[in-house]
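Now for the letters of each chain:
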Amino acid sequence: MSYRLPPLNGLRAFEAAARHASFKLAARELHVTPGAVGQHVRALEETLGVRLFERRHRALVLSAAGASYLPAVSGAFGRISIATERIARTGRRKLVTVGAPSDFAAKWLAPNLVKFRALNPDIDVRIVPGAGFADLEQGVVDAAIERRAAPPRDLHSVALLPERRVVVCTRRLAATLRRPSDLTLILHDGRSDAWRSWARANAARIDLPRAIRFADTASMLDAVLSGRGAALVGELLVRREIESGRLVVPFRRAWLTGDKYFLCCMPGVAACEEVVAFRAWLRAAVHATRAETNQRRAA
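Keep in mind the model is a prediction, meaning the values are calculated, not measured. (Residues numbered from 1 in each chain as written. Predicted model: local features only at pLDDT ≥ 70, side-chain atom pairs only at ≥ 80, totals over all residues. Heavy atoms only, no water.)

Once that is clear, we can look at the overall build of the protein chain. Counting secondary structure elements, the protein chain contains ten helices and ten strands. Computed over the C-alpha atoms, the radius of gyration of the protein chain is 24 Å, more than 25% above the 19 Å expected from 2.2 N^0.38 for a compact globule of 299 residues. Summarising its shape, the C-alpha atoms of the protein chain cover approximately 70 × 50 × 30 Å along the three principal directions. Looking at the protein chain as a whole, 46% of its 299 residues qualify as buried. Within the protein chain, residue pairs in contact and separated by at least 24 positions form 72% of the contacts whose partners lie at least 6 positions apart. On the protein chain, roughly 16000 Å² of surface is accessible, and the fraction owed to carbon and sulfur atoms is 53%. Of the charged side chains in the protein chain, 47 are positive and 28 negative, and the gap between their average positions amounts to 4 Å. (Helix = DSSP H or I, 4+ residues; strand = E, 2+ residues; numbered from the N terminus. Rg over C-alpha atoms; globule rule 2.2 N^0.38 Å. Buried < 20%, exposed > 50% of the residue type's maximum accessible area, 1.4 Å probe, protein only. Contact = heavy atoms within 4.5 Å. Areas by Shrake-Rupley, 256 points an atom, 1.4 Å probe, with all protein chains shown as cover. Lys, Arg positive; Asp, Glu negative; His and termini not counted. Charge placed at Lys NZ, Arg CZ, Asp CG, Glu CD.)

Given below as structure tokens:
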């Protein structure tokens, strides 16, 4: 099969300029002059017969054709980058890069990686907090974990477990709570909709307008631990705090949000040895954690 391909230098210049919205910044990345970037882009435009950028005063904006072309070009470079790194790793330690929500990465994934390394001493794992499914095609990560109702259809996906949220607070605060409507000190990390859904499921009336919002889950949990209020969080993320007694669950019933944790990767990456090993370990590890949590809840 023969491929109709435009000049590689033109593609590189276009992709970098589009990413930075600047010929100058693209030139810095590619170690050439801004004039050279502009020439490469113009040559590509002549080859394609379309304008890829709208050149405005002090601004570089993608045209409709450029915006349509960019995902395919970025995706191709991302896949080439992943394949190149894998080839370059031959004979050295293997590496798998994993994107995950920052709270999941910090509270569950990172603390449990020691178990993966014990089972797979020849594979290193690099966690990229905040990277998700959108970063897979560009090659930012090999695999990504997200909470969703369903994964994208064009990715190789594995369902890990449903997201279960529980209300947590200090033992001292829990002593003042008899029913869900007693909650007055409510904290959230930007997902007040979760509190609304929880309140409906528990037929509770809560005062959300007075709830305190935090920038992230970590700072919210710090406030919970200091006794400043109750939070509705993923049960998986506070397992250690509950087991140690630092936090308690005043209302034993866990709430299923309707989302699940999914592990996804590009189809061409799914069969890579290190990705297969990480996927197998992750599925077993999260299910073991869930089983232990269920046992503790039943005790």
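Picking up where we left off.
Moving on: the packing of aromatic side chains. In total, this model carries eleven aromatic pairs according to the counting rule given. When the ring of W108 is compared with that of W281, the centres are 6.1 Å apart and the planes differ by 35 degrees; the resulting orientation is tilted. Placement of the pair is W108 in helix 5 (residues 102–119) and W281 in helix 10 (residues 273–298), with a sequence separation of 173 residues. Judged by its relative accessible area of 2%, W108 falls in the buried class. Between F278 and W281, the aromatic rings sit 5.8 Å apart at their centres with planes inclined by 45 degrees, giving tilted as the arrangement. Here F278 and its partner W281 are both found in helix 10, three residues apart, which amounts to about one turn of the helix. Given a relative accessible area of 9%, W281 falls into the buried group. What links up through ring pairs into an aromatic cluster is the set F104, W108, F116, Y261, F278 and W281. (Phe/Tyr/Trp six-rings, centres within 6.5 Å; stacked < 30°, edge-to-face > 60°.)

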